[in-house]
Each structure stands twice: as structure tokens, then as C-alpha cells.
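Each chain, letter by letter, is given below.
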Amino acid sequence: MLVREVMTPDPLTVQPDDTLRTAQERMAACACRRLPVVDENGHLVGIITDRDVRLALNSPLVLRERWQDDMLVNQTTVEVCMTPDPIVIAPDAPVQDAADILLKRKISGLPVLEGDRLVGIITVTDLLGALCALLRAG
């Protein structure tokens, strides 16, 4: 089984200068927990997760009022919180390779690049869906 058979194709993306609010809204729109970050030419430059956003906004040591949280989410850019140069995988790689990388690195998603073009993302959820389909098929 290949990554292309399991991945989520054509994922929603954000750009480095988008705000955390934009990232949150796009994650909510696709019910996902991570977004590839692409530059103005569509080249992958990073990945941002819901955890990255939460860490940027929530500190147990700093008490803020609601308006301050709104200001942070509306003014902080994705570039400040994203992981630059994420680990990637090719669509023709075996699914086992993707699973091995996710386990070894303790991450939950990999952008899928064909050459330098973002074609998908493969996540733990995608892998669990594939496993369930295999188990049902017996």
C-alpha cells in the first residue's frame, strides 16, 4: 500500500504571514489539526498544528483577559509558531515508511510532496482509517 492511497489529497494550507486566527479557522473548516504552510509560490515552508497555536496563546503563568487573547490570535503570524522545513514523504512511498517516521519522530502528520509540489498530507488518522478498512476486509 502506498502513501497516495491513504493520504488526504490537496489539503488546505496557510501562508507564513497569515494570522493564527486564519489558521484556526481553516483547521475548523476541514476538521483537521494541522496545516501545511506554503509560500506565495506554493512551496512548502512549514507546518502548523493546533498544539502550536495553543502553546502560543495559553500560558499557565500569564493571566490575560479575553481581549488580549483576541489581539494575540489576530496579530500573531503563522510563521512565528510553525515548524519550519517539516519532514515530508513522497506519494509513492510505502505506507509503512510513513508510519515508521510518525512513530520514530512522535509526530502526527507528514506533508506529501511530489517533487516540490504539495499533493497531500498523511496523518495518524489516515493510517487508522486504512487499518480499519484492512481489518474489515479480513
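Notes on the structure in this doc start here. (Residues numbered from 1 in each chain as written. Predicted model: local features only at pLDDT ≥ 70, side-chain atom pairs only at ≥ 80, totals over all residues. Heavy atoms only, no water.)

Think of a disulfide as a covalent bridge from one cysteine sulfur atom to another cysteine sulfur atom. On inspection of all chains with the given rule, the structure shows one disulfide. One disulfide bridge connects Cys30 with Cys32, the sulfur atoms lying 2.4 Å from each other. Assessed through its relative accessible area of 33%, Cys30 is described here as partly exposed. By relative accessible area, Cys32 is classed as partly exposed at 23%. This cysteine, Cys81, is not joined by any disulfide, and Cys32 carries the nearest cysteine sulfur, 16 Å off. A relative accessible area of 15% places Cys81 in the buried class. Looking at Cys132, it has no disulfide partner, and the nearest cysteine sulfur is the one in Cys32, 20 Å off. Taking the relative accessible area as the measure of exposure, Cys132 reaches 34% and is therefore partly exposed. (Disulfide = S-S within 2.5 Å. Buried < 20%, exposed > 50% of the residue type's maximum accessible area, 1.4 Å probe, protein only.)

Moving on, we come to the side chain of Asp39. Of note, Asp39 is situated in the loop between strand E2 (34–38) and strand E3 (44–49). No salt bridge is formed by the buried Asp39; its nearest oppositely charged neighbour, Arg26, is found at 13 Å. Engagement of the side chain of Asp39 in a polar contact is seen with the backbone nitrogen of Asn41, the distance being 2.9 Å. Apart from residues no more than four positions distant in its own chain, Asp39 is found in contact with Gln15, Pro16 and Val45. (Helix = DSSP H or I, 4+ residues; strand = E, 2+ residues; numbered from the N terminus. Lys, Arg positive; Asp, Glu negative; His and termini not counted. Salt bridge = Lys/Arg side-chain N within 4 Å of Asp/Glu carboxyl O. Polar contact = N/O pair within 3.5 Å; in protein donor to acceptor, adjacent residues only side chain to side chain. Contact = heavy atoms within 4.5 Å.)

Before going further, it helps to spend a moment on the sheet that holds E3. The three strands lie next to each other as E2-E3-E4, forming an open sheet whose pairing is antiparallel. Either end of the sheet is taken by a strand with one partner, and the two such strands are E2 and strand E4 (83–84). Both E2 and E3 contribute to a ladder of five bridges, which runs antiparallel. Pairing of Arg34 across the sheet is with Thr49, part of E3. Sheet strands touched by helix H2 (residues 20–30): E2 and E3. Its angle to E2, the strand with the most contacts, is close to 130°. Relative to the sheet, helix H3 (residues 50–57) contacts E3 and E4, its axis offset from that of E3 by approximately 70°. (Pairing = 2+ DSSP bridges. Axes fitted to C-alpha atoms, helices over the stretch in contact; angles between N-to-C directions.)

By the burial criterion, the buried members of H2 are Leu20, Thr22, Ala23 and Met27. All buried residues of H2 lie within an arc of 155° about the axis, which places them on one face of the element. Exposed positions of H2 whose direction lies more than 90 degrees from the buried face are Ala28 and Ala29. (Arc of directions from axis to C-beta.)

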